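Each chain, letter by letter, is given below.
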Amino acid sequence: MGNSFTNLGAFQSLHIVMLGLDSAGKTTVLYRLKFNEFVNTVPTIGFNTEKIRLGGAGASRGISCHFWDVGGQEKLRPLWKPYSRCTDGIVYVVDSVDAERLEEARTELHKITRSVENQGTPLLVIANKQDLPRALDVGEIEKQLALSELPPSTPFHVQPSCAIIGEGLEEGMDKLYEMIVKRRKSLKQKKKRP
Ligand SMILES: Nc1nc2c(ncn2[C@@H]2O[C@H](COP(=O)(O)OP(=O)(O)OP(=O)(O)O)[C@@H](O)[C@H]2O)c(=O)[nH]1
Ligand SMILES: [Mg+2]
């Protein structure tokens, strides 16, 4: 017997794209989720992709995801749009210490969520590097990224994390998964209506 969450997980793999400025910690998050250990990274030129079965004890446990982690350097950002097309969810990783570049992070995030193909796609913002002194808290990150100005159709959650030790990542993926399931249910109901 399964509930609607496990049923969704049994039949398909979720397509998740991971975006964010260079050095935010995307690749560290990717390999943390994949191997449950710290992997020393180099800047991503192009993208990394991994199929990952989520762990933890929450709603997303056992769910298969196909992650695309796209490099965040400025010259690579034109890749973000094609990689984020028709995904089930967007993970946007932010360096919570890099206050100077939060405005840039905000501009890029709003560009991607405004794109027609991404209307309604659930968004998980990872406020990463919370282990460092002077890391901005979730409320401040939410404000600086102007999340209240995202398109009203975009469900989002902000998750504090430290990708080095993996803190917060499972909770974040649970939230993203719950938003994805909710969206699928409402799309299904809309289709049923005459
Ligand atoms: N202190 C701390 N450092 C972190 C954390 N997450 C990642 N880092 C470090 O931040 C640096 C950049 O991490 P990456 O994962 O390579 O960043 P990225 O977002 O993939 O960067 P690009 O590939 O250039 O887009 C590395 O030195 C990581 O070890 C964290 O939670 N805390
Ligand atoms: Mg990378």
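Looking at an unreviewed UniProt entry, one finds the protein chain named ADP-ribosylation factor-like protein 4C, with Champsocephalus gunnari as its source organism. Its UniProt record gives the protein chain a comment under Sequence similarities (unreviewed entry), which states: "Belongs to the small GTPase superfamily. Arf family."

### Topic: the confidence of the model for the protein chain
Per-residue confidence for the protein chain gives a mean pLDDT of 93, with 94% of residues at or over 70. The ipTM value of the predicted complex is 0.99, and its pTM value is 0.95.

### Side note on the pairing of strand β1 (residues 14-19)
With respect to burial, β1 is a largely interior element, five of its six residues being buried. Pairing of β1 with strand β4 (residues 89-95), which is carried by four bridges, proceeds in the parallel orientation. Counterpart to Ile16 in the pairing with β4 is Gly89.

### Overview of the UniProt feature "binding site: Mg(2+)" (unreviewed entry) in the protein chain
As annotated in UniProt, the feature "binding site: Mg(2+)" (unreviewed entry) corresponds to Thr27 and Thr44 in the numbering used here. A maximum C-alpha distance of 7.7 Å places the annotated residues, which cover 18 residues in sequence, within one compact spot. Of note, Thr27 is situated in helix α2 (residues 26-35). Those residues in contact with Thr27 that sit more than four places away from it in its chain are Thr41, Thr44, Asn48 and Asp69. A residue is classified by how many C-beta atoms lie within 10 Å of it, and Thr44, with 18 of them, is partly exposed. When neighbours within four sequence positions are excluded, Thr44 is seen to be in contact with Thr27, Asp69 and Gly71.

### Observations regarding the pairing of strand β6 (residues 156-160)
Taken across its five residues, β6 has four buried, putting it largely inside the fold. Bridge count for strand β5 (residues 123-128) against β6 is five bridges, and the pairing is parallel. Across the sheet, the residue bridging to Ala127 is Pro160, located in β6. Regarding the hand of the β-α-β motif, the stretch spanning β5, helix α5 (residues 138-144) and β6 is right-handed.

### Details of helix α6 (residues 169-192)
Along an α-helix, residues three or four apart share an orientation, since each turn contains 3.6 residues. In this model α6 runs 35 Å from its N-terminal to its C-terminal C-alpha over 24 residues, within 8% of the 34 Å that 1.5 Å per residue would give. Among the residues making up α6, those that are buried are Leu169, Glu170, Gly172, Met173, Asp174, Lys175, Leu176, Tyr177, Met179, Ile180 and Val181.

### Observations regarding α2
Most of α2 sits inside the fold, with seven of its ten residues counted as buried. For α2, the full list of buried residues reads Lys26, Thr27, Thr28, Val29, Leu30, Arg32 and Leu33. The inward-facing, buried residues of α2 contact β1, β2 (47-53), β3 (64-70), β4, β5 and α6. One or two residues past the end of α2 sits Asn36, with phi positive at roughly 55°.

### Re the environment of Leu33
Tracing the backbone through its elements, the reader meets Leu33 in helix α2. Leu33 sits 118 residues away from Pro151 along the chain, and the two C-alpha atoms are 29 Å apart. Each residue touching Leu33, except ones within four places of it in the same chain, is listed here: Ile52 and Leu169.

### Focus on the nonpolar core
In this structure, Met18, Val91, Tyr92, Val94 and Val125 are the most contacted members of the largest nonpolar core, which totals 44 residues. For this core, the secondary structure elements donating two or more residues are β1, α2, β3, β4, α4 (102-114), β5, β6 and α6. In terms of residues, this core owes the most to one element, α6, which gives seven residues. Beyond its immediate stretch of four places on either side in the chain, Tyr92 contacts Leu19, Gly20, Leu109, Leu123 and Val125.

The rules behind the values
- Residues numbered from 1 in each chain as written.
- Chains lettered and ligands numbered in written order.
- Predicted model: local features only at pLDDT ≥ 70, side-chain atom pairs only at ≥ 80, totals over all residues.
- UniProt positions renumbered as here; feature names shortened; annotations may be inferred.
- pLDDT = per-residue confidence, 0-100.
- Buried ≥ 20, exposed ≤ 12 C-beta atoms within 10 Å, placed from the backbone.
- Helix = DSSP H or I, 4+ residues; strand = E, 2+ residues; numbered from the N terminus.
- Pairing = 2+ DSSP bridges.
- Contact = placed C-beta atoms within 7 Å.
- Right-handed = clockwise from strand over helix to strand, strands pointing away.
- Expected span 1.5 Å × (residues − 1).
- Core = buried A, V, L, I, M, F, W, Y, C linked by C-beta atoms within 7 Å.

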